[in-house]
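Structural features, examined
Here is how the chains run, residue by residue.
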Amino acid sequence: MRTDRWWFPPLITFVGLAAWVTYATVRVFMHKWYYVDEFHYLTPFYSPCITDRCVEGSAEFGTPLPSFWLIPEAAFTLPFLLLFRLTCYYYRKAYYRAFWLSPPACAVPDAHQKYSGETRFPLIFQNIHRYAFYAAGIISLINTWDAIRAFHSGNGFGFGLGNIVLVGNVVMLWLYTLSCHSCRHIAGGRLKHFSAHPVRYRFWTFVSKLNTRHMLLAWITLGTLALTDFYVMAVAADWFPDLRFVG
Ligand code: FES
C-alpha cells in the first residue's frame, strides 16, 4: 500500500551493481592493458598477476598458472574478493532487495512465496563472511604493496597522477575492509570488560565509527576500483599519458 517511490532505491542499486559487474567481467577477461611497465602501475583487477600470460614485470609472485583464457590473471585473489563482497552484510541487503526482491523494500510484499532466511542451504553459507574478511585483509596488503611499488619508476623514485589514484584506492579499500561488521566483532566482540582490554576497546571504537559508513564505503570502493582500473588501462593502452610530477 506504499504510495511513495519505494522502488527507486532498489532500481538504482540494480543499475549500479549490474553496470559494475559487467565492467569488471569484461576487464578481467580482456587479458590486456593491465600493467604500465614504465611506472609499475598494476590494476587491482589483475593483482597479483600469476598466469604465464602476465607481461614482463607484472608478476611479483611467480606465474604458477597456465594462460588459458578462462583463467583470470588474478585467479588466486578474485574468488576471495567476490566471496567477501557477496557475503558482506551491506551487499546482502542490496542484492536481496534489488535482484531477488526479497523483499524489495520495507513494508512491500516479498516476491517469493517462501522465506527461510539464512538458516538453510544455500544462504547458510553467508556465515563464511568472517573467513572471507581475513582473506580480504591479505589482499588489501597485496594492493598496498602494489601502490608502494608504483613509486619506483625506471630511474628510481617517481610520482605521477597514477600514484595518487592507486594510493587513494588502497586507502578506501582499507577503510571498507576495516569497517566490516566481522572486523568490528573480531575487535571487540565477546569482551565482558572493555576496561580490561584498552587496546581492543580503542580499536573497536575506531572500527565502530567506520562501520556506520559501511554502505557508503562499499559504493566508494566500487568507484575507486573501477576508476583505478580504467586509469591503468588508459595509460597502458596509450590513450593518454600519465601526468608526472617527479621521475
Ligand atoms: Fe561488509 Fe564485512 S560486512 S565487508
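In this report, we go over the structure that sits alongside the text. These figures come from a predicted structure and were not determined experimentally. Residue positions are given per chain, counted from 1 along the sequence in the order it is written. Given that the model is predicted, a residue must reach a pLDDT of at least 70 before its local features are reported, and side-chain atom pairs must reach 80 or more before they are shown or counted; all residues, however, enter totals for whole chains, interfaces and linings. Processing note: side-chain calculations cover all non-hydrogen atoms of the structure and skip hydrogens and water entirely.

Below, the discussion takes up the layout of surface pockets. In this analysis the probe radius is 1.4 Å and the grid spacing 1 Å, with only protein atoms considered; a cavity is a set of points the probe fits into but cannot get out of, a pocket is an open set with protein on both sides within 12 Å along at least five of seven lines, and lining residues have an atom within 4 Å of a point. Grid points are joined across faces, edges and corners, and a volume is the space filled by probe spheres set on the points. In this model, the largest pocket occupies a volume close to 750 Å³. As for the largest pocket, its lining consists of 28 residues, and the residues nearest its centre are Trp20, Val21, Leu81, Leu82 and Arg85. Those elements giving two or more residues to the lining of the largest pocket turn out to be α1 (8–28), α2 (78–86), α3 (89–98), α4 (129–149), α5 (161–178) and α8 (214–236). Ranked by the residues each element gives to the lining of the largest pocket, the list is headed by α2, at 7 residues. Classes in brief: Ala, Val, Leu, Ile, Met, Phe, Trp, Tyr, Cys and Pro nonpolar; Asp, Glu, Lys and Arg charged; the others, Gly included, polar. Among the residues forming the lining of the largest pocket, the class breakdown is 23 nonpolar, 4 polar and 1 charged. Its boundaries defined by the atoms lining it, the second largest pocket holds a volume of some 270 Å³. If you go around the second largest pocket, you meet 13 residues; those closest to its centre are Trp100, Ser102, Tyr115, Gly117 and Leu123. A per-class count over the lining of the second largest pocket returns 6 nonpolar, 4 polar and 3 charged. Counting from the N terminus, the helices are the DSSP runs of H or I reaching at least four residues and the strands are the DSSP runs of E reaching at least two.

We now examine empty space enclosed by the protein. Taken as a whole, this structure holds 1 cavity of 30 Å³ or more when the rule is applied. Within this model, the largest cavity holds a volume of roughly 40 Å³. As for the largest cavity, its lining consists of Leu42, Pro44, Asn143, Asp146, Leu166, Asn169 and Val170. For the lining of the largest cavity, the secondary structure elements donating two or more residues are α4 and α5. Broken down by element, the lining of the largest cavity gets its largest block of residues, 3 residues, from α5. Grouping the amino acids of the lining of the largest cavity by side-chain chemistry returns 4 nonpolar, 2 polar and 1 charged.

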